[in-house]
Each structure stands twice: as C-alpha cells, then as structure tokens.
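Spelled out from the first residue to the last, the chains are:
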Amino acid sequence: AIRKDILIVMAAGNSGQLSAETLGWKGIGNLDQTSHGIHSFAKKRHLKNIILVGSVDPDRRISNYSSYGSKRVDIAAPGGNKVKPIFETDPITGQVTSTKTADYGILSTMLTSKASELEKSISLITEQGNYISENGTSMAAPMVSGAAALVWGENESLGPDQVKNILMRSAEKIDNLKPFIRGGRSLNLLNAMDTVNGFDSEVLENSILCSPSPDIV
C-alpha cells in the first residue's frame, strides 16, 4: 500500500468498555494495551499511511461502543448512536423527570435479506434494498475516507502521509477526547479543505504527525 501511495482508513472497532459485548472485560477496548482483530499489526508499527478511526456521539464525546487509545487511535468522527439517552428535567428543580432514547444513527445501505421484520414493516427496506440507521466505528471511518478523497481531489500530487497530516492537523482538538483519541482530535472537514488550499509541502513533510508515535513499539 505504501509503494502504491494508498491511504488506508481503518475502523478502530466496537469493543468500548460500555458496549454490551464487553461489559466487565477491563481494558478490552483500549488498543494502547491490547490488540483486537485486524489491528494486531498496527500495534507493531503505527504506519504513516494508516488512519485508525474512533467514533464520537452527537455531543462530541467518545461513543460508548468505540474502541479507543490515546496513542494509537488517530482521529474520531461521527459514528452514530441508535439508542442515545435523552433526559428531561424539571425546569425549577433541575431533577431528571423522565428518560427516553432517540435514534441518532448514521444511514447506511443494507441488503433486504439482512433487514429485520420491524425494519421491513416500517418501509425502511424495499425489495431492492435501502438505507438503515446504524452506529459503529464502521460508520465513522467512511466519514474520514470521504474527507480524504475531497482533500486529494483538491491536490492530486499529495502523498498518503500528507493527506493524513492534513486531516490530523486540521482536526478539532476536544479535551474530553484526549484520554481516548490521539491529541483529542475530531474530524473537521471545513478546516481540512482550508488547510489543503493553503498547502505547504515542507511543513507537512517535516511534521511530527508523519512519524510513528515514540510510545508505540
């Protein structure tokens, strides 16, 4: 992939501490401490043509299902939340009066054969397939892939490491993401497009973001 100038955008995985699959499995979602599935090779070297993507909720906090790692997961992007809790409070006392959930999932294409009966009954799915609300780092990674494509479209001479740098440098830094995402970075497409249009190759090539983190062996 490096020889072919290919940028690989990878989903970090959905093994976050609060997900049902890993409840009680301490640290299983922390990619700084453990490898998980296809990420085992990324533990050996944080290749400069790979972007590992975690997920953030609509409130810009780490999604409870998202795998994470402040040294390994490069950037976060919206991954959706199909069952986001919504709290209603008393306007006088401020106490929670009721709780409900809302669907903040990301629309994704789906084959009819994989749809549930409920999804078919409410006309989300047709015989030809349609869109379904989903969440996961597999929803977040295409956000970064699309941003990378738009950046490359502005300057086709860029290398994959330079595109990665633009996305990393232009990302918004959010304090509450710092324990989970490298530098607390969250994708910001507007900033990325502004950055590529003022592209400085020397600055990007000398950026520390082009190099593997010294903490990763």
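We now turn to the structure provided with this report. Since the model is a prediction, treat every value here as computed from it, not as a measurement.

Quick notes on the rules
Residues numbered from 1 in each chain as written. Predicted model: local features only at pLDDT ≥ 70, side-chain atom pairs only at ≥ 80, totals over all residues. Heavy atoms only, no water. Helix = DSSP H or I, 4+ residues; strand = E, 2+ residues; numbered from the N terminus. Buried < 20%, exposed > 50% of the residue type's maximum accessible area, 1.4 Å probe, protein only. Contact = heavy atoms within 4.5 Å. Phe/Tyr/Trp six-rings, centres within 6.5 Å; stacked < 30°, edge-to-face > 60°. Axes fitted to C-alpha atoms, helices over the stretch in contact; angles between N-to-C directions. Parallel < 35°, antiparallel > 145°, perpendicular 65-115°, else oblique. Left-handed = near helix turned anticlockwise from the far one by under 90°.

Let us look at the overall build of the chain. When helices and strands are counted, the chain shows five helices and nine strands. Listing each helix as α and each strand as β along the chain from the N terminus yields β-β-β-β-β-β-α-β-α-α-β-β-α-α. Counting all 217 residues of the chain, 42% fall into the buried class. Long-range contacts, defined here as pairs at least 24 residues apart, represent 63% of the contacts in the chain between residues at least 6 apart.

In this structure the tally under the stated criterion is one aromatic pair. Judged by centre distance (5.5 Å) and plane angle (85 degrees), the rings of Tyr68 and Phe180 are edge-to-face. Separated by 112 residues along the polypeptide, Tyr68 in the loop between strand E2 (50–56) and strand E3 (75–78) and Phe180 in the loop between strand E8 (172–173) and strand E9 (185–186) bring together distant segments of the chain.

A separate point is the packing of helix H2 (residues 137–154) against helix H4 (residues 189–197). The interhelical angle for the contact between H2 and H4, taken along N-to-C directions, is 20 degrees, at an axis separation of 9 Å. The angle between the axes of H2 and H4 places the two elements in the roughly parallel class. The element H2 and its partner H4 pack so that their crossing is right-handed. Seen from H2, the contacting residues are Ala147, Leu150, Val151 and Glu154; seen from H4, they are Leu189, Ala192, Met193, Val196 and Asn197.

From the geometry alone we can't say anything about function, so treat these as descriptive.
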